[in-house]
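Take a look at the letters that make up each chain.
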Amino acid sequence: MNGPHDLGGQHGMGPVAPEPNEPYFHAEWEKRALGVTLSCGAFGAWTIDESRHARENLAPATYLSASYYEIWTRALETLLKRHGFVTQAELDGGHMLEKGAAPKRVLKAEMVPGVLAKGGPCDRPVDQRPGFVVGERVRTKNFNPTTHTRLPRYARAKIGTIEAVQGSFVFPDDNAHGRGESAQWLYTVVFDGGEIWGEGADPTLTVSIDAWESYLEHV
């Protein structure tokens, strides 16, 4: 999915300017936005991959003009409406108007430390052996899906080298759309600067990405 979130290699966006000693939150409302998003995620109605896709689906003008946590809350509204927890009229009015869907579970205050400590592991076993080995040259596939993908646009149709076999994990491209976890092997692939940026690139630079097996083909 080639959306406004996929900015790698795009011109005209200005330099990346990290904020020295950046705080975790820039305003009090951001703390609440994080808490509400995690609490709603605990409902069990959607996956982390579906939530990412909801953020990617924001209109480009909205996405690019919003702050980090504004993107979270706007996508959360989409998810809550999609799964029947709230209506647009309720969001507009700020009050519940009808009984919505019942969550599978509710995250209570005393549960938070344990839930956060547990996290959301996404490693899964697969029956087949890895299709690629460390040191092998591979080419990433060239596709432009309208659905979710974790293969960045700048790294498509590029030749790199397998640096590590990370294990087998949930395949987000399927999981985001309710098609199951479809676990696959995941690899770290390294590209040199010239392969990514072309002529004139700094030859000492490399870029590495984590790529699922179905993103790759043999060279």
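Residues numbered from 1 in each chain as written. Predicted model: local features only at pLDDT ≥ 70, side-chain atom pairs only at ≥ 80, totals over all residues. Heavy atoms only, no water.

Engineer: Which residues make up the sheet that holds strand E4 (residues 206–212), and what values do they have?
Structural biologist: The strand order across the open sheet built from 5 strands is E4-E3-E2-E1-E5, with neighbouring strands paired in antiparallel fashion. Single-partner strands in this sheet number two, and they are E4 and strand E5 (216–218). Taking the axes of each pair of neighbouring strands and ignoring which way they run, one obtains an average angle of 45° across the sheet. Across 7 bridges, the pairing between strand E2 (residues 159–169) and strand E3 (residues 184–192) is antiparallel. Across the sheet, residue alanine 164 finds its bridge partner in E3, namely threonine 188. (Pairing = 2+ DSSP bridges. Helix = DSSP H or I, 4+ residues; strand = E, 2+ residues; numbered from the N terminus. Axes fitted to C-alpha atoms, helices over the stretch in contact; angles between N-to-C directions.)

Engineer: Tell me about the environment of histidine 177, and please be specific about residues and values.
Structural biologist: Assignment of secondary structure puts histidine 177 in the loop between helix H7 (172–175) and E3. Classification of histidine 177 by relative accessible area gives partly exposed; the value is 28%. For the pair histidine 177 and isoleucine 162, spaced 15 residues apart in the sequence, the C-alpha separation amounts to 28 Å. Leave out the neighbours within four places in its chain, and histidine 177 touches His53, Thr147 and His148. (Buried < 20%, exposed > 50% of the residue type's maximum accessible area, 1.4 Å probe, protein only. Contact = heavy atoms within 4.5 Å.)

Engineer: How would you sum up helix H1 (residues 28–41)? Please name residues and give values.
Structural biologist: For H1, spanning 14 residues, the distance from its first C-alpha to its last is 21 Å, which sits close to the expected 20 Å at 1.5 Å a residue. Those residues of H1 that fall on the buried side of the exposure criterion are Glu30, Ala33, Thr37 and Cys40. End-on, the buried residues of H1 take up no more than an arc of 95°, which puts them together on one face. Along H1, exposed side chains directed more than 90 degrees from the buried face belong to Glu28 and Arg32. Residues of H1 that are buried sit in contact with helix H2 (48–56) and helix H4 (68–82). (Expected span 1.5 Å × (residues − 1). Arc of directions from axis to C-beta.)

Engineer: Quick rundown of the packing of aromatic side chains? Include the residues and the values.
Structural biologist: Per the stated rule, a full pass over the model turns up 11 aromatic pairs. Judged by centre distance (6.0 Å) and plane angle (50°), the rings of phenylalanine 143 and tyrosine 215 are tilted. Placement of the pair is phenylalanine 143 in the loop between strand E1 (137–140) and E2 and tyrosine 215 in the loop between E4 and E5, with a sequence separation of 72 residues. In textbook terms, an aromatic cluster arises when at least three aromatic residues are bridged by ring pairs, as seen for Phe25, Tyr68, Tyr69 and Trp72. (Phe/Tyr/Trp six-rings, centres within 6.5 Å; stacked < 30°, edge-to-face > 60°.)

Engineer: So, the pairing of E3: which residues are in play, and what are the values?
Structural biologist: Summarising burial for E3: 8 of the 9 residues are buried, a large majority. Relative to E4, E3 is paired through 7 bridges, and the arrangement is antiparallel. Bridge pairing links valine 189 to isoleucine 209 in E4.

Engineer: Talk me through H2; I want residue IDs and the actual numbers.
Structural biologist: Since there are 3.6 residues in each turn of an α-helix, residues three or four apart along the chain are aligned in direction. Counting buried positions over the 9 residues of H2 gives 7, a clear majority of the element. All of the buried residues in H2 are Asp49, Glu50, Ser51, His53, Ala54, Arg55 and Glu56. Looking at the packing, one finds that the buried side of H2 touches H1, helix H3 (60–65), H4 and H7.

Engineer: Please give an account of the pairing of E1 that cites residues and values.
Structural biologist: Where a strand is regular, its side chains alternate between the two sheet faces. On E1, burial follows the alternation: Val138 and Thr140 on one face are buried, whereas Arg137 and Arg139 on the facing-out side are not. Relative to E2, E1 is paired through 3 bridges, and the arrangement is antiparallel. Bridge pairing in E2 links valine 138 to glycine 160. Examined bridge by bridge, E1 and E5 share 3 bridges and lie antiparallel to one another. Bridge pairing links valine 138 to histidine 218 in E5.

Limitation: the analysis is restricted to geometry and does not speak to function.
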